[in-house]
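Take a look at the letters that make up each chain.
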Amino acid sequence: MSVASADPERGWLYRHRFALLASVVVAVGFGWLLHAGALPVVPPREALQRIPVWIIVAQALLYLVALYVRAHRWSWLLAPIQPVPLRRVLTISFIGYGALLLLPFRTGEVVRPALIRKRENVSGWAAMGTVAAERIIDGLVLSLLLLAALWRAHPLEPLPDHIGDLAVPVAVIPVAAYSALAVFAGAFAAIGLFWWRRTWARHLVEATVGRVSPALAERIAGVLERLADGLGFFPRASVTARFLGATVLYYLLIAASVELLVWGAGLHPVDFTRATAIVGVLHLGVLLPNAPGYFGAFQVAVYAGLAMYYPPAEVAGPGAAVVFLLYATQVGLTLLTAAVALVVEHRSAPATPAAPAAAAREGSGALPPG
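Residues numbered from 1 in each chain as written. Predicted model: local features only at pLDDT ≥ 70, side-chain atom pairs only at ≥ 80, totals over all residues. Heavy atoms only, no water.

### Describing the overall build of the chain
- Looking only at helices and strands, the chain features 18 helices and zero strands.
- The proportion of buried residues among the 370 residues of the chain is 50%.
- A separation threshold of at least 6 residues defines the contact pool for the chain, and within that pool the share at least 24 residues apart is 77%.
- Approximately 17,200 Å² of the chain is accessible, and the part contributed by carbon and sulfur atoms is 69%. (Helix = DSSP H or I, 4+ residues; strand = E, 2+ residues; numbered from the N terminus. Buried < 20%, exposed > 50% of the residue type's maximum accessible area, 1.4 Å probe, protein only. Contact = heavy atoms within 4.5 Å. Areas by Shrake-Rupley, 256 points an atom, 1.4 Å probe, with all protein chains shown as cover.)

### With respect to helix α14 (residues 272-287)
- Between its first and last C-alpha, α14 extends 22 Å over 16 residues, near the 22 Å set by a 1.5 Å rise per residue.
- Across the 16 residues that make up α14, a large majority, twelve, are buried.
- Those residues of α14 lying buried are R274, A275, T276, A277, I278, V279, G280, V281, L282, H283, L284 and V286.
- For α14, the secondary structure elements touched by its buried residues are α9 (124-152), α10 (172-196), α13 (237-265), α15 (297-307) and α17 (318-348).
- For α14, the capping residue at the N-terminal end is D271, with a side-chain oxygen 3.0 Å from the backbone nitrogen of T273. (Expected span 1.5 Å × (residues − 1). Polar contact = N/O pair within 3.5 Å; in protein donor to acceptor, adjacent residues only side chain to side chain.)

### Let's talk about the confidence of the model for the chain
- Chain-level statistics for the chain give a pLDDT mean of 81 and a share of 83% at 70 or above.
- Highest mean pLDDT in the chain belongs to helix α5 (residues 53-72) (96); lowest belongs to helix α18 (residues 355-361) (41).
- Contacts for the low-pLDDT stretch residues 1-6, under 50 throughout, to residues beyond four places or in other chains number three contacts.
- Per-residue pLDDT stays below 50 along residues 351-370; that stretch engages in 33 contacts with residues further than four places along the chain or on separate chains. (pLDDT = per-residue confidence, 0-100.)

### Re the packing of α13 against α14
- Where α13 contacts α14, the two axes come as close as 8 Å, and the packing angle between them is 115°. Considered as vectors, α13 and α14 are oriented roughly perpendicular to each other. Note that α13 runs across α14; the crossing there is right-handed. Residues Y250, Y251, L252, I254, A255, A256, V258 and E259 of α13 form the contact with α14, whose own contacting residues are F272, A275, T276, I278, V279 and H283.
- Tallied by class, residues from the contact of α13 with α14 come to eleven nonpolar, two polar and one charged. (Axes fitted to C-alpha atoms, helices over the stretch in contact; angles between N-to-C directions. Parallel < 35°, antiparallel > 145°, perpendicular 65-115°, else oblique. Left-handed = near helix turned anticlockwise from the far one by under 90°. Nonpolar A, V, L, I, M, F, W, Y, C, P; charged D, E, K, R; others polar.)

### Observations concerning the environment of V258
- Inspection of the secondary structure assignment puts V258 in helix α13.
- The spatial distance from the C-alpha of V258 to the C-alpha of Y63 is 9.7 Å, given a sequence separation of 195 residues.
- If we ignore the near neighbours within four places in the chain, the residues touching V258 are A275, I278, V279 and L326.

### Comments concerning the pattern of salt bridges
- Across all of its chains, the model carries seven salt bridges by this definition.
- For R135, the salt bridge is made with D138, and the minimal N-O distance between the two is 3.3 Å. With R135 and D138 both in helix α9 and three residues apart, the pair spans about one turn of that helix.
- Judged by its relative accessible area of 14%, R135 is buried. (Salt bridge = Lys/Arg side-chain N within 4 Å of Asp/Glu carboxyl O.)

### Considering unusual backbone geometry
- Of note, the bond from E157 into P158 is cis; its omega dihedral lies within 30 degrees of zero at -5°.
- With respect to the element layout, P158 can be found in the loop between α9 and α10.
- Between H268 and P269 the backbone carries a cis peptide bond, its omega angle lying at 0°.
- When you line up the elements, P269 lands in the loop between α13 and α14.

### Examining α9
- With 29 residues, α9 extends 42 Å between its outermost C-alpha atoms, agreeing within 8% with the 42 Å of an ideal straight helix rising 1.5 Å per residue.
- Along α9, 25 of the 29 residues are buried, which leaves the element largely enclosed by surrounding structure.

Written out as structure tokens, the structure reads:
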């Protein structure tokens, strides 16, 4: 008997040892960057004590509501494929968000499609398509909100050429926002084209990528065709409108929690537009594959957002309390809701002999079969 078959947990660790090692290296690298840039991971005690407890509680509740909105909207994407009970959508979503937080390099993205396929007999590729569509629309909405906030808010003039002691100019943020918008718009156009004109889109891939590598063109076209199945909600205007509205609401709720923390920390001036810009920078910073818990990328992104509007001394002082509490709240509540959802799912799911093997595959990084 092999080690992997005898011990699925050890087998998973063995298969992902290089990704895990790389994620640890990334986390250490970000930790070094924060130290080199004099950007505290743990804020000065006086900065932390300055924020009233009721503000911490209020911003935590806002994040919980945002997490619920984020989870609920997935049911609208699944409905055209196969209606799934809302309770099941919520529990699987919360488990997936916890896995996404813990597993390295965003391999946790496959957990939701794997679980929904296992529990509700939904096509794995169609479920993965809904997750891909969700991520792309998130990126589009986020980029537009960030650009609107950057246009409406008034940053420091001139923008600092450092974030803390890091020689990273804050002026890169608008450039990153425009680049992200272009990338997500292109990704949405690619999947949308395969949903709308599948045969023509396949011929286009074969006529371009196929000239270099027919095998690669076939693989790209096959993946895009399967992911395009997740856009079944798109012709339903009411569903699309609800999903877009919930997506905007999700980001604005988090912006409200940031505004509360900024106000409580004593940073002035405070306004919702600046908080929205900070949220935009934060989410762009953690979109790319990174270390478990988004450690490092999360902190650097929030510090970069704060640096657009507040002097360096305030960013590294009161701003450090904002960064710390925002990180502790989001990570803590995401893991807490995932743990509760795991208990609920375990109690409601029938026991099957294949359950351990299926659970071991959920974080494998492979796309789920249809």
